[in-house]
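# Summary of structural features
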Amino acid sequence: MAKKTFFPLLLLMLIGVRLPLHAKKADANERPHVVIMTDAETDDRCSMIHALLYANDMDIAAIIQTNSCFQRHGWSKDPWLKNMIDAYGKVLPNLRVHDSRYPSADYLHSVCFVGDEDRTHIPNIGKSFKSQYTGEPVCINPVEWEDTPGSDRIVELLLDNDPRQVIIQCWGGGNTAAKAFEKLKRKYPKQYDKAIQKAVLYCIWYQDAAGPYIEKEHPGATILLNHHFSGSWDYGTMTNTGAFVKDYLQNDKNPLGSLYEQPYISEGDTPAFLYCLGGAGLRSWKNPSYGGWGGRFYRVDGTKNVWRDTGFGEIREWMEHALHDFQARLQWCVTPEYSKANHAPVISLISPADLTIKSGETVRLSAKITDTDSIDIEAVWQLRGKMWEQKGRTREMFLANPAKFIERWRAGWSQMPAGTYDGYVDLIFDEKKATCSFVAPEVDKPQTIHILLEAFDMAIPRLTSYQRYIITVVPEKK
């Protein structure tokens, strides 16, 4: 018998030939529009490998090399970034088998810029700025600085006609963004108010003096300040992941993965781009309070647009999902056949993702979940056969009707702590069905409730897709 045995003919016909999972028509506006600013520290370089594997799910408008209080001289004279994108180009044909939206290496090279690497633009404050909180005194004046290709690129993006937010990920310092905002305000005063509102800075600490300056001088920009990457993705936290790195990155099969410098997962800047991920259905990057792979944020008292992360636990709860997804994409790099790799289930909406309903009415949520990846029947038996034999189910019984034994996916429903309603609702659902219901609570003013559908497959690595439902409950008229 051949090693790989598939489901009966009918299921094969259902599987058929399908497009790559994420290949969609005209989906540019559905993806987050991002700028990555990096000081090229070791953890940045590891994060960059991870980020490039999600170049299909982000619209990367610029990668800007900067400095920081840790890397004052910057690293743009070192070809690390060029080498990494070249390595990405080597695995790109395989990646495009799994998702046609991956951009070319030439495109990524074309959006690489050098930003601020002037060490004099970082005040002589040692490393104290690494733990700086909001509301500190302003101690820089970017009007005195020269423009850089990186700062000019940010100005260009904020002034263009694309209505999307520009999510500027500050893996290092934010001085390049500070200069861009200063120039925007001084040279384009009529467009400034509208343009600055497009800017969202996700800061991994304030690694230079740009944060307090932007808070005070450019309050129209949104700032997300993350301190709890430390304790989640940073140096020294995931030292138990050495086998993962050896098996999927430094395995002499993946030209991009081989550039991973650490012996374990060590990516202090990864939460900045994870904020933009988790699939379109999670919608975490639409609002800092929603929560997702990159954490959840609360607005700092006395500010309009400055947000702090709520804790490393808000990031840790998603780490297993994120690492499984990372593993799958690393396997895509070396798998030229779609059928021989795993892909996340697809959630199709039946009920709308946004609903308004009155108190006391029953909310009914439903979706269609599909997962038509091929299944390695032999591998499934090797994994679960001993357990099934203890229940009296023989190998012959399994091979005669594998669909009876194998679940393609399961669904989980939960209430997220993101809505304005501060109570809990009693969810009624079946994990084998993509349906959920609850009775809308009594409210005296409109309140929102966030319900999350998670659809995860039963393959290896186990992959999860999401759909966030936002229900607005209004008082019942009496």
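To keep things clear, this report deals only with the structure shown in the data block.

With that out of the way, let us pick up the packing of aromatic side chains. The geometry of an aromatic ring pair is captured by two quantities: the separation of the ring centres and the angle between the planes. Counted by the stated rule, this structure contains 16 aromatic pairs. For the pair Tyr-202 and Tyr-275, a centre-to-centre distance of 5.5 Å together with 55° between the ring planes defines the contact as tilted. In this pair, Tyr-202 sits in strand S5 (residues 199-204) while Tyr-275 sits in the loop between helix H10 (270-274) and strand S7 (297-299), placing the two residues 73 residues apart along the sequence. Overall, the relative accessible area of 0% leaves Tyr-202 in the buried class. Overall, Tyr-275 belongs to the buried group, its relative accessible area being 2%. On the basis of an interplanar angle of 85° and a centroid distance of 6.3 Å, the ring pair of Trp-293 and Tyr-466 is categorised as edge-to-face. Placement of the pair is Trp-293 in the loop between H10 and S7 and Tyr-466 in strand S16 (residues 464-474), with a sequence separation of 173 residues. In this structure Tyr-466 comes out as buried when scored by relative accessible area, which is 5%. Three or more aromatic residues joined by ring pairs make a cluster, and in this case those are Trp-381, Trp-388, Phe-398 and Phe-405.

With respect to the helices and strands, Glu-314 occurs in helix H11 (residues 313-316). Accessibility expressed as a relative area gives 19% for Glu-314, which makes it buried. If we ignore the near neighbours within four places in the chain, the residues touching Glu-314 are Gly-292, Gly-295 and Arg-296.

It is worth spelling out the nonpolar core at this point. Of all hydrophobic cores here, the largest spans 69 residues; its most connected members are Met-48, Tyr-88, Trp-233, Leu-249, Ile-265, Trp-293 and Phe-326. When residues of this core are assigned to their parent elements, the largest contribution, 9 residues, is made by helix H3 (residues 80-98). Not counting chain neighbours up to four residues away, the residues in contact with Phe-326 comprise His-50, Leu-53, Tyr-54, Phe-244, Leu-249, Ile-265 and Glu-267. Counting residues in each nonpolar core, the second largest holds 33 residues, with Leu-158, Ile-196, Leu-201 and Ala-210 among its members.

Taken together, 4 strands build an open sheet; the order of strands is S10-S16-S15-S12 and the sheet is mixed. The sheet terminates laterally at strand S10 (354-358) and strand S12 (409-416), the two strands that pair on one side only. Strand-to-strand, the axes of this sheet are offset by a mean angle of 25°, without reference to chain direction. Strand direction decides the pairing type here: strand S15 (residues 447-457) and S16, joined by 10 bridges, are antiparallel. Considered in S16, the bridge of Ile-451 is made with Tyr-469.

Before going further, it helps to spend a moment on the pattern of salt bridges. Following the criterion strictly, the structure yields 22 salt bridges and no others. A salt bridge links Asp-309 to Arg-308; its shortest N-O distance comes to 3.5 Å. Arg-308 shares its class with Asp-309; the two are buried. Two residues, Glu-407 and Arg-410, come together in a salt bridge whose shortest N-O distance is 2.7 Å. Note on Arg-410: relative accessible area 26%, which makes it partly exposed. The network of salt bridges with common partners includes Asp-147, Asp-152, Lys-179, Glu-182, Lys-183 and Arg-186.

By the element assignment, Gln-467 lies in strand S16. Judged by its relative accessible area of 8%, Gln-467 falls in the buried class.

Attention now moves to helix H13 (residues 377-390). Here H13 contains 14 residues, and its C-alpha end-to-end distance of 19 Å stays within 8% of the 20 Å for a straight helix at 1.5 Å per residue. If you look at H13, its biggest bend is around 60°, right at Arg-384. Taken as a whole, H13 has its buried residues at Ile-377, Glu-378, Val-380, Trp-381, Arg-384, Gly-385 and Trp-388. Where the residues of H13 are buried, they touch helix H14 (395-400) and helix H15 (402-405). In this structure Asp-376 caps H13, since a side-chain oxygen of it lies 3.2 Å from the backbone nitrogen of Glu-378. Gly-392 sits one or two positions beyond H13 and adopts a positive phi of about 85°.

Among the 5 residues of strand S6 (residues 222-226), 5 are classified as buried, and the element is accordingly described as predominantly covered. Side chains Thr-222, Leu-224 and Asn-226 project from S6 onto one buried face, and the interleaved Ile-223 and Leu-225 project onto a second face that is buried too. Of the strand pairs in this sheet, S5 and S6 are connected by 5 bridges, and their pairing is parallel. Counterpart to Tyr-202 in the pairing with S6 is Leu-224. Once the chain exits S5 it traverses helix H8 (residues 210-217) before rejoining the sheet at S6, and the crossover so formed is right-handed. In terms of strand pairing, S6 meets strand S8 (residues 306-309) through 3 bridges, oriented parallel.

Another aspect to go through is H8. In terms of residue burial, H8 counts as a mostly covered element, since 6 of its 8 residues are buried. Three or more residues of H8 are buried, namely Ala-210, Gly-211, Pro-212, Tyr-213, Ile-214 and Glu-215. Elements in contact with the buried residues of H8: helix H6 (175-187), S5, S6 and S8.

Procedures and definitions
Residues numbered from 1 in each chain as written. Predicted model: local features only at pLDDT ≥ 70, side-chain atom pairs only at ≥ 80, totals over all residues. Heavy atoms only, no water. Phe/Tyr/Trp six-rings, centres within 6.5 Å; stacked < 30°, edge-to-face > 60°. Helix = DSSP H or I, 4+ residues; strand = E, 2+ residues; numbered from the N terminus. Buried < 20%, exposed > 50% of the residue type's maximum accessible area, 1.4 Å probe, protein only. Contact = heavy atoms within 4.5 Å. Core = buried A, V, L, I, M, F, W, Y, C linked by side-chain atoms within 4.5 Å. Pairing = 2+ DSSP bridges. Axes fitted to C-alpha atoms, helices over the stretch in contact; angles between N-to-C directions. Salt bridge = Lys/Arg side-chain N within 4 Å of Asp/Glu carboxyl O. Expected span 1.5 Å × (residues − 1). Bend = angle between axes of the 7 residues up to and from the residue. Polar contact = N/O pair within 3.5 Å; in protein donor to acceptor, adjacent residues only side chain to side chain. Right-handed = clockwise from strand over helix to strand, strands pointing away.

No statement about biological role is implied by the geometric values presented.
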